Amino acid sequence: MAPARTLQLQRISAPLVVFLAVLSVLKTGNCEEQVPLILWTSEGTSVPSQSPPTAGHIVGQQQLASYLEKALEAGPRNVVLFLQDKMSVEDFTMYGGAFGNKQDSVFPNLEGALRSSSSPLVLPAVSWPASNAVIGQLQDQLETSPLYMDPETLSQLRLNTSSPALLVFRLPYGMGADLMSAKEILSGNDEVIGQVLSIMRTQSVPYTAIYTALRPSQEAASLSVEASLGGGRSLLQARGGYRERGRERERQRKIKEKAGIYGPVEFKEGDNTCILLWATGLSVSILRSGRWEDHNLTPSTFGEGVSPKLHGSSCDKTKARLVLNYENVLGHRSFKLIFAMSQRHYQVSARRWFTLDAVELEYDGTKATFNGSRNIYAPAEYSYRCESVTNFRWPLLVPRSSKDPANQWRVSLEDFQIQGFNVSGGEFSYASDCAGFFSPGIWMGLMTSLLMVLVLTYGLHMIMQLHTMDRFDDPKGPAISVPQTE
Amino acid sequence: MLLEWMMNGHAILYTGVTLAFWSTILIVGICYTIFDLGFRFDVAWFLTETSPFMWANLGIGLAISLSVVGAAWGIYITGSSIIGGGVKAPRIKTKNLVSIIFCEAVAIYGIIMAIVISNMAENFSGTTPETIGRQNYQAGYSMFGAGLTVGFSNLFCGICVGIVGSGAALADAQNASLFVKILIVEIFGSAIGLFGVIVAILQTSKVKMGD
């Protein structure tokens, strides 16, 4: 029994192992995640140079370990590790003065160190997990624990040539995608490298220096957010994958942050978004003693990081109600703005439509109601969008009755978009705009023009059926002469 | 032969107009279907958003213009026959002017109706369908309908009277006793124009435009 089961397990695990091997090969072959690694020794020490990898080859963990082993075997066993948060080869390309502008290079100290070193080793592409684990690898090879330092603490440290040491200097990279700040940060890091190397020189301790990073700096790889709007992908890059989607979302978020675009007000019923509302401007005004007093509700409703209170909102299959709660609006302690929508099937058009039945203002127990169902409607699958929804300027909202308190109020929504039903994926569906392709004026003009074209056709037809009398024409006879005299 | 047929002015005109009309309808229909915007095709929107003034003034214009077309057509048919027949039988000239007068009456009906209808057009202050109000829409549509009624009735009445009058003139030239009999036919023809006027008056009797 038991031997049979173990045999079965062995049989099953073989394809699994093959599958995992394939996966791991694919993983290391991923061309997105590489970090350069630069290794050099202090001047005066000679180390047999190692052959750099072939162009385009990505150095894996094993290979990196062998490189480091060879370097540390022959060279000094004091390792100074400059570990930057993020780095890519593109950083060196962009800021290293690679286009003949050496004076603009931000790596003068690094370049000086490499020039004065006898055998620098440059690995342009070390796979990201490998470079992440470089501390661990050095720790294993040197059999000593790393010391996290900065230039001030280094000057106080006395180094010993005999015992190995691993000094780690963490260098920042920064969060901003702004190109200017990256250049400044790299310049600052190079300064730190220069300081450390000069301190090491004054202490006359031979060292091996390594400059690498934990992660690739993908922001630099994709140049700028705007430039890579279209996708920013290399030719052979496989589309899709969770990393690409995440990057795309990050990119879009950065674009929106720059442009001041924000998400809509979402009301969620459980996990699913039920009602969406978006506008660039929302303001209410009340008529008090002959004057209109305005209150702009946009900053407390819309914006990045603004979440208005939606207590009292509800939605089901046929009715949706979005309640925006505010405090201290125009002297009223509690103020509510309610959008009441409903959807049903209409027989003549044989489709479901939704209407914004009412926009209500509730304050201090009074309710002012505006009817919107006459003008604000869209098919139930779509959202409704209008440039201006007001009750005073090309009004789409009308007070429910002539005695309603709504007659003292003015509501104005700019670039308004709303959807109360069939919301999928937290995003608006196709927006049915309130402005059609042809305006009423255009239609009237077209109708009268069509009528005139018909009249013209009729007239042309009649004129074309007039024929001059040619019964008595005789081409061979004498021409008609009209004598001048009597 | 096709080229010869195409060279005919009528063919070009009618082909052109038909093509323009049907291609517009086809392309508009295809666009509505492809973009799934069929829900935007809204006849009620068109009828309520277009101004009642457009309809009213179209009615007035059609009333007078179609009546005048009918009268003109009738007169030119009758006139040419009278003049042609009068070459050989000059006695028909004076008597047959009555046919011309019947045709002219059609134009007079048209202008009277146009003036009556245009007097009903008043200003109103509404801008949206609700504020314009039912009565103004009814007024607009009624005036359009009345204009159409009187216009087309007078158009065909005028043609009818003209052709009959032409026949009367030529018959009169042959045989003087025939004229009175044919005049009765002409009177019947003239009555139909009057029907149009009466119906148009009925249509606009309830019109009240304004606030």
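The rules behind the values
Residues numbered from 1 in each chain as written. Chains lettered and ligands numbered in written order. Predicted model: local features only at pLDDT ≥ 70, side-chain atom pairs only at ≥ 80, totals over all residues. Heavy atoms only, no water. Helix = DSSP H or I, 4+ residues; strand = E, 2+ residues; numbered from the N terminus. Buried < 20%, exposed > 50% of the residue type's maximum accessible area, 1.4 Å probe, protein only. Contact = heavy atoms within 4.5 Å. Areas by Shrake-Rupley, 256 points an atom, 1.4 Å probe, with all protein chains shown as cover. Phe/Tyr/Trp six-rings, centres within 6.5 Å; stacked < 30°, edge-to-face > 60°. Lys NZ or Arg CZ within 6 Å of the ring centre and 35° of its normal. Axes fitted to C-alpha atoms, helices over the stretch in contact; angles between N-to-C directions. Parallel < 35°, antiparallel > 145°, perpendicular 65-115°, else oblique. Nonpolar A, V, L, I, M, F, W, Y, C, P; charged D, E, K, R; others polar. UniProt positions renumbered as here; feature names shortened; annotations may be inferred. Disulfide = S-S within 2.5 Å. Pairing = 2+ DSSP bridges. Buried area = accessible area lost by both parts, 1.4 Å probe. Salt bridge = Lys/Arg side-chain N within 4 Å of Asp/Glu carboxyl O. Polar contact = N/O pair within 3.5 Å; in protein donor to acceptor, adjacent residues only side chain to side chain. pLDDT = per-residue confidence, 0-100.

**Some remarks on the overall build of chain A**
So, step 1. Across its full length, chain A carries 12 helices and 20 strands.
So, step 2. Buried positions account for 40% of the 486 residues belonging to chain A.
So, step 3. In chain A, the share of contacts with a sequence separation of at least 24, taken over all contacts with a separation of at least 6, comes to 67%.
So, step 4. A total accessible area of about 27,800 Å² is found for chain A, and carbon and sulfur atoms account for 57% of it.

**Considering the packing of aromatic side chains**
So, step 1. According to the stated counting rule, one finds 30 aromatic pairs over all chains in the structure shown.
So, step 2. Summarising the aromatic geometry, the rings of tyrosine 382 of chain A and tyrosine 430 of chain A are spaced 5.1 Å apart at their centres and angled 75 degrees between planes, so their arrangement reads as edge-to-face. In this pair, tyrosine 382 of chain A is assigned in the loop between strand S16 (377-379) and strand S17 (383-390) and tyrosine 430 of chain A in the loop between strand S19 (409-419) and strand S20 (431-433), connecting sequence segments 48 residues apart.
So, step 3. Geometrically, the ring pair formed by phenylalanine 53 of chain B and phenylalanine 124 of chain B is stacked, given 4.6 Å between the ring centres and 10 degrees between the ring planes. Here phenylalanine 124 of chain B lies in the loop between helix H6 (97-119) and helix H7 (129-132) and phenylalanine 53 of chain B lies in helix H4 (residues 52-88), a separation of 71 residues in the sequence.
So, step 4. The class of phenylalanine 124 of chain B is buried, set by a relative accessible area of 10%.
So, step 5. Put simply, the rings of Phe437, Phe438 and Trp443 of chain A together with Phe46, Trp55, Tyr137, Tyr141 and Phe144 of chain B touch in pairs and so form one group of aromatic residues.
So, step 6. The ring of tyrosine 67 of chain A carries the charged tip of lysine 70 of chain A above its face, separated from the ring centre by 5.9 Å.
So, step 7. Positioned over the ring face of tyrosine 346 of chain A is arginine 344 of chain A, at 4.0 Å from the centre of the ring.

**Things to note about the packing of H6 of chain B against helix H8 (residues 134-174) of chain B**
Residues and elements named next belong to chain B.
So, step 1. As a packed pair, H6 and H8 sit with axes 9 Å apart at the nearest point and diverge in direction by 175 degrees. As judged from the angle between their axes, H6 and H8 are roughly antiparallel. Only Met143, Ala146, Gly147, Val150, Asn154, Cys157, Gly158, Val161, Gly162 and Gly165 of H8 make contact with H6, whose side of the interface consists of Ser99, Phe102, Cys103, Val106, Tyr109, Gly110, Met113 and Ile117.
So, step 2. Of the residues contributing to the contact of H6 with H8, the split by class is 11 nonpolar, seven polar and no charged.

**A word on the UniProt feature "transmembrane region" (unreviewed entry) in chain B**
So, step 1. The feature "transmembrane region" (unreviewed entry), as given by UniProt, occupies residues 12-35, 55-76, 97-121, 141-171 and 178-202 of chain B in the numbering adopted here.
So, step 2. The distance separating the terminal C-alpha atoms of residues 12-35 of chain B is 34 Å; by composition the span is 96% helix and 0% strand.

**As for the state of the cysteines**
All names here are of chain A.
So, step 1. As enumerated under the stated definition, the model contains two disulfides over all chains in all.
So, step 2. Shown here is the disulfide that connects cysteine 274 with cysteine 315, its sulfur atoms set 1.7 Å apart. Because the sign of the S-S torsion sets the handedness, a value of about 115 degrees for the bond joining cysteine 274 and cysteine 315 places this disulfide among the right-handed ones. Here cysteine 274 is found in strand S8 (residues 272-278), whereas its partner cysteine 315 is found in strand S11 (residues 314-315), with 41 residues between them in sequence. Across the pair, exposure class does not vary: cysteine 274 and cysteine 315 are buried alike.

**Some points on the pairing of S19 of chain A**
Residue and element names in this part refer to chain A.
So, step 1. Along S19, nine of the 11 residues are buried, which leaves the element largely enclosed by surrounding structure.
So, step 2. Pairing analysis gives three bridges linking S8 to S19, with the strands arranged antiparallel. Bridge pairing links leucine 276 to glutamine 419 in S19.
So, step 3. The pairing of strand S9 (residues 281-288) with S19 spans six bridges and is antiparallel. Each bridged residue has a counterpart across the sheet, and for glycine 281 the counterpart in S19 is glutamate 414.
So, step 4. Direction of pairing for S17 relative to S19: antiparallel, over a ladder of six bridges. Within the sheet, the bridge partner assigned to threonine 390 lies in S19 and is serine 412.

**What about the side chain of aspartate 172 of chain B?**
So, step 1. Along the chain, aspartate 172 of chain B falls in helix H8.
So, step 2. Beyond its immediate sequence surroundings of up to four residues, aspartate 172 of chain B is in contact with Arg91, Ile92, Lys95, Asn96 and Phe179 of chain B.

**Notes on the interface of chain A and chain B**
So, step 1. Taken together, the 28 residues of chain A in the interface contact 25 residues of chain B.
So, step 2. Where chain A abuts chain B, roughly 2,400 Å² becomes buried across the two surfaces, and 71% of that area is made up of carbon and sulfur atoms.
So, step 3. Our enumeration of links across chain A and chain B arrives at one salt bridge.
So, step 4. Between chain A and chain B we count six residue pairs in polar contact (both at pLDDT 80 or more) in total.
So, step 5. Of all the secondary structure elements, the ones that give two or more residues to the side of chain A that touches chain B are strand S14 (351-363), S16, S20 and helix H12 (440-464) of chain A.
So, step 6. The class makeup of the residues in the side of chain A that touches chain B is 18 nonpolar, seven polar and three charged.

**With respect to the confidence of the model for chain A**
Residues and elements named next belong to chain A.
So, step 1. Residue-level pLDDT values for chain A average 82, and 84% of them are 70 or greater.
So, step 2. Overall, residues 1-10 carries pLDDT values under 50, and its contacts beyond four positions in sequence, including any with other chains, amount to zero contacts.
So, step 3. Below pLDDT 50 for its whole length, residues 26-31 participates in four contacts with residues either more than four positions away or in separate chains.

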